[in-house]
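# Tertiary structure, described
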Amino acid sequence: MKHQTSELSLTRRKAPILVPLIILTSFLTIIPIYFTYSHNNLFLPSHIIYQQTPRNKIRPTTPLDPPPKPNKKITKPEYGEIKSPSPARTASSKVLGGKKCDLFNGEWVPNPEGPYYTNETCGAIQEHQNCMRFGRPDVGFLKWRWKPDDCELPIFDPYKFLEMVRGKSLAFVGDSVARNHMQSLICLLSRVAHPEDISNPKDENRVYIYREHNFNISIISSPYLIRTQKTDPNDFTRPYNLYLDEPDQTWTTKIQTFDYIIISAGQWFFRPTYFYLNQTLTGCLYCPESNVTHLPSSFSYRLAFQTAFQAINAAVNFNGVAFLRTFAPSHFEGGEWDKGGDCVRTGPFKMNETVLEEYSKELYLIQLKELRIARRAGRRNGGKFRLFDATKAMMLRPDGHPSKYGHWPVANQTIPNDCVHWCLPGPIDSWNDFLQELLIREVGSKTLMVIFGMTKIMLQIFYHNMFMCPISNLKIIIIAIVLLSIALILFTVIRLNYPLLKYSSLSYKNSRDEIVPSYHAEDIKITDKQEKCDIFTGEWVPNPDAPYYTNTTCWAIHEHQNCMKYGRPDTEFLKWKWKPDGCELPVLNPYQFLDMVRDKSLAFVGDSVGRNQLQSMICLLSRVEYPIDVSSTPDEHFKSWKYVNYNFTLSYFWTPFLVRSRERDTDGPTHTGLFNLYLDEPDDSWTTQIDDFDYLILNAGHWFSRTAVYYENHRIVGCRYCQLPNLTDLPMTYAYRRVFRTAFKAINERPNFKGITFLRTFAPSHFEGGLWNAGGNCLRRRPFRSNETILEGLNLDMYMIQLEEFRVAEREGKGKKVFRVLDTTEAMLLRPDGHPSRYGHWAHENVTLYNDCVHWCLPGPIDTWADFLMHMIKMEARKSYKERLVLRQKKMQ
């Protein structure tokens, strides 16, 4: 009797564990089968059956359809039929989920079934987008759909979309192109339901609700995304004040009420504007004031997106998803928008027929970069950012704009053609194909989280039965069922969703010359082969990808280096890169470089060729960010610029002799008079200010050919070409050696200077047919090969002096200071084709100007100096890492 009681008691203890465990295990075992079967119709209500519909009919009415309007007959319009997508393209993400697919790389392919609404069936179309009403004669632009390279993108399905967003809210935040997108969505949904306008009559922003689905759409006008102020409240064409670090509260105070936000901005940033940071006027675009720093539109564009994304990340109660809809290019041809430009093409481009214009590509890359930064910051507080890349698809659609068909012709009045907005119906409808797929992926990722949560429960059950209960045969069976369920769940998750997880990366290539921000500073590496390679010995090889900026995209180019502006007829000199003998030298990647120098400072110390290098650096980095002038004084001899997003400072000290000097006989801007050079006294204008710099680039050269009196220990020791009585005529190499010795000594004697000093070696000039002031010129069109010229004479002497004095300084500063040689001499010796020559001014200018065979065109060969510098900074980082590793190993021992 006691034995039976004991056995009954044991059974009752097991039952509470066993019964729910078997039920839960069975349920979770069925989940993979269910998701495998229903993935194609994950969001499809059971009462909607997709069938092929006749091309001239609307699909049959379903419970989702609004009541039919009396006496309203849908007829075939003259330019297209209203159709529902065929089953082949209404399928959900099966073809997308089966492989890794980038939705945004592809081509436009014919689609005879388009369009899916007309200007008669949709009341949301504004007049200026109603191209067919105003007489557009061609209809071919309506008959295309977007085809990604590796998959099919389903055509927008209004039934599926409304079921997917039931109980949700969606906001479009941006300018009139964002409103254009919203109107396209309303038109596509009009086959199923019509929204009700519930907007505040006093508010220019609109809110529409689909009551049967409890889904609302908002459009919030914020063309700059940040706080703005009209300089003339009654004239919107007048300049705006942009407060670049203050978000626009018309939308940022509402974002917690939305499930999805689509952020966009573009064309307004080309209008005249004043830029404010910290309530202080910082610069302007197209303003008349000469005392305000003139900055490009990319400056405000970057900071506006940065501020907007920061506002989203700071919104505590926002649990939704923010999509960045990228820049949609305009397609003006034959002139600018207000100077007769028009868009009259009637078909799409193929991908190999066009590229993004420089300004469009610049804005596009800014968006990608800021999105990457925002996503990284958002991961720490749960923020969600997604890429909605409309740029590449719309770049190929010059045929989709209203052009002159956005209004009736007006007598005696010129109205600019509209090549910015998009006809409705038209190519912009594909944006909602993108949106539908992106939302499917979002819902899929949430399903993923649920499944992983269930898997966690299963693991807890497994742990309880494995370690907390006695071993038995039944227990082993239960454990096996649990493990099998987990395996099936994980297999299903990986099979269905892994491609979607992979998809979310930004690391794709858009064109051969485009830098893609898909890395972090910790990814910057250098190979052992590159470390051992002498990067300064090699040849110039063709580089069809260059140049990486133009004289229209970079404001830092001085007039006398702006060779293309002044009519230089050849462009071949732009198409070369430096190839070291034993390795490859990567072209400077501005994103990598700015990541490497984050929170650091770099100063160029020397003459105008040093300034030439600085300007090249600013131009190369302009693809990422333009710096702000933060110079402490108006003195042009010292300038400083800051890259705000990287806390990186670039400075320039104009000191052509490196030591204290005074011009005795001033003869105007050419500075060809007599100089006093104090060869043993460093120039305090730079030596007393270098303590806070992380990198110095020291250079000097061509100024030493000028007439000068040399002083040492406060007395005259000789001169060069001075023609003064009783003075010894000394060669320029005498002064050159002593100047570098004094400069290096001054650096070694600065106890607080902990940075790295780069000696940028002498860059030879290339005068032929005469001296610089006696008709000499440089007219060659291609580089020398290394066996076609040699370094000799005075050029060789100056180069050797630099290296000798460098070795002395390195020896004296060993253990205290770091010196490196940035050896540009051999590479630049081979570039007689890279100077401005006579293309540094207009030929008709009535001034005496010499041919310039000393400085370098921008863009031009000097851009390679940045490639050298980036490699050397990488090398320093690698050395520092190895030293830390050795120290760590010693401590462990």
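Residues numbered from 1 in each chain as written. Predicted model: local features only at pLDDT ≥ 70, side-chain atom pairs only at ≥ 80, totals over all residues. Heavy atoms only, no water.

For the protein chain, an unreviewed UniProt entry supplies the name Trichome birefringence-like N-terminal domain-containing protein and the organism Penstemon smallii. UniProt, in its Subcellular location (unreviewed entry) section for the protein chain, records the words "Membrane". As stated in UniProt under Sequence similarities (unreviewed entry), the record for the protein chain gives "Belongs to the PC-esterase family. TBL subfamily." (UniProt positions renumbered as here; feature names shortened; annotations may be inferred.)

Across its full length, the protein chain carries 19 helices and 26 strands. Across the 893 residues that make up the protein chain, the buried fraction comes to 55%. In the protein chain, 78% of the contacts between residues at least 6 apart in sequence involve partners at least 24 apart. Carbon and sulfur atoms make up 55% of the accessible area of the protein chain, which amounts to about 41600 Å² in all. (Helix = DSSP H or I, 4+ residues; strand = E, 2+ residues; numbered from the N terminus. Buried < 20%, exposed > 50% of the residue type's maximum accessible area, 1.4 Å probe, protein only. Contact = heavy atoms within 4.5 Å. Areas by Shrake-Rupley, 256 points an atom, 1.4 Å probe, with all protein chains shown as cover.)

Reading across the sheet, the 7 strands line up as β17-β18-β19-β16-β22-β25-β26 and stay open at both edges, with mixed pairing between neighbours. Two strands lie at the open edges of the sheet, namely β17 (628–629) and β26 (818–822), each paired on one side alone. Where β17 lies against strand β18 (residues 638–643), 2 bridges are found, and the strand directions are antiparallel. The residue bridging Ile 628 from the neighbouring strand is Lys 642, located in β18. Where helix α17 (residues 793–812) meets the sheet, its contacts fall on β25 (756–760) and β26, and the angle it forms with β26 comes to roughly 165°. (Pairing = 2+ DSSP bridges. Axes fitted to C-alpha atoms, helices over the stretch in contact; angles between N-to-C directions.)

Before going further, it helps to spend a moment on helix α14 (residues 608–621). For α14, spanning 14 residues, the distance from its first C-alpha to its last is 20 Å, which sits close to the expected 20 Å at 1.5 Å a residue. The backbone nitrogen of Val 609 has a side-chain oxygen 3.1 Å away, supplied by the residue at the start of α14, namely Asp 607. (Expected span 1.5 Å × (residues − 1). Polar contact = N/O pair within 3.5 Å; in protein donor to acceptor, adjacent residues only side chain to side chain.)

Each strand in a sheet pairs with another by means of backbone hydrogen bonds, the pair being arranged parallel or else antiparallel. Taken in spatial order, the 4 strands of this open sheet run β7-β8-β10-β11, and their pairing is mixed. If you trace the sheet from one side to the other, it starts and ends with β7 (226–230) and β11 (280–285), each paired once. Going from strand to strand, the sheet's axes swing by 25° on average, the running direction of each strand aside. In terms of strand pairing, strand β10 (residues 273–277) meets β11 through 5 bridges, oriented antiparallel. Looking at the pairing, Phe 275 lines up with Gly 283 of β11. Seen against the sheet, helix α7 (residues 297–314) touches β7, β8 (240–247), β10 and β11 and runs at an angle of roughly 40° to β8.

All right, on to the packing of α7 against helix α8 (residues 358–378) then. Relative to each other, α7 and α8 sit at 25°, their axes nearing to 9 Å. When the axes of α7 and α8 are compared, the pair comes out roughly parallel. Here the hand of the crossing between α7 and α8 comes out right-handed. Taking contact as the criterion, the partners of Ser 298, Tyr 301, Arg 302, Phe 305, Gln 306, Phe 309 and Asn 313 in α7 are, on α8, Glu 362, Leu 363, Ile 366, Gln 367, Lys 369, Glu 370, Leu 371, Ala 374, Ala 377 and Gly 378. Its residues placed into classes, the contact of α7 with α8 shows 8 nonpolar, 5 polar and 4 charged. (Parallel < 35°, antiparallel > 145°, perpendicular 65-115°, else oblique. Left-handed = near helix turned anticlockwise from the far one by under 90°. Nonpolar A, V, L, I, M, F, W, Y, C, P; charged D, E, K, R; others polar.)

A few words on the nonpolar core. Among the nonpolar cores identified, the biggest contains 204 residues, and Phe 161, Phe 593 and Phe 648 are the most heavily contacted of them. Contact partners of Phe 648, with chain neighbours within four places excluded, come to Phe 593, Leu 594, Val 597, Lys 600, Ser 601, Leu 602, Leu 621, Trp 641, Lys 642 and Tyr 643. (Core = buried A, V, L, I, M, F, W, Y, C linked by side-chain atoms within 4.5 Å.)

Here helix α16 (residues 732–748) is 17 residues long and its end C-alpha atoms lie 25 Å apart, about the 24 Å a rise of 1.5 Å per residue gives. Buried residues dominate α16, accounting for 12 of its 17 residues. Buried within α16 are the following residues: Met 732, Thr 733, Ala 735, Tyr 736, Val 739, Phe 740, Thr 742, Ala 743, Phe 744, Ala 746, Ile 747 and Asn 748.

What follows concerns the state of the cysteines. Summed over all chains, the structure comprises 10 disulfides. What pairs with Cys 563 in a disulfide is Cys 857, and their sulfur atoms sit 2.0 Å apart. Note on the Cys 563 and Cys 857 pair: the S-S dihedral is about -95°, so by sign convention the disulfide is left-handed. Residue Cys 563 is located in the loop between β14 (538–542) and β15 (576–580), and its partner Cys 857 is located in the loop between α18 (825–829) and α19 (864–892); the two are separated by 294 residues in the primary sequence. By relative accessible area, which is 1% here, Cys 563 ends up buried. For Cys 778, the disulfide goes to Cys 853, at an S-S distance of 2.1 Å. Between Cys 778 and Cys 853, the disulfide has an S-S torsion of -95° and is therefore left-handed. Of this pair, Cys 778 sits in the loop between β25 and α17 while Cys 853 sits in the loop between α18 and α19, and the two are 75 residues apart along the sequence. For the residue pair Cys 778 and Cys 853, the accessibility class agrees, reading buried in each case. (Disulfide = S-S within 2.5 Å.)

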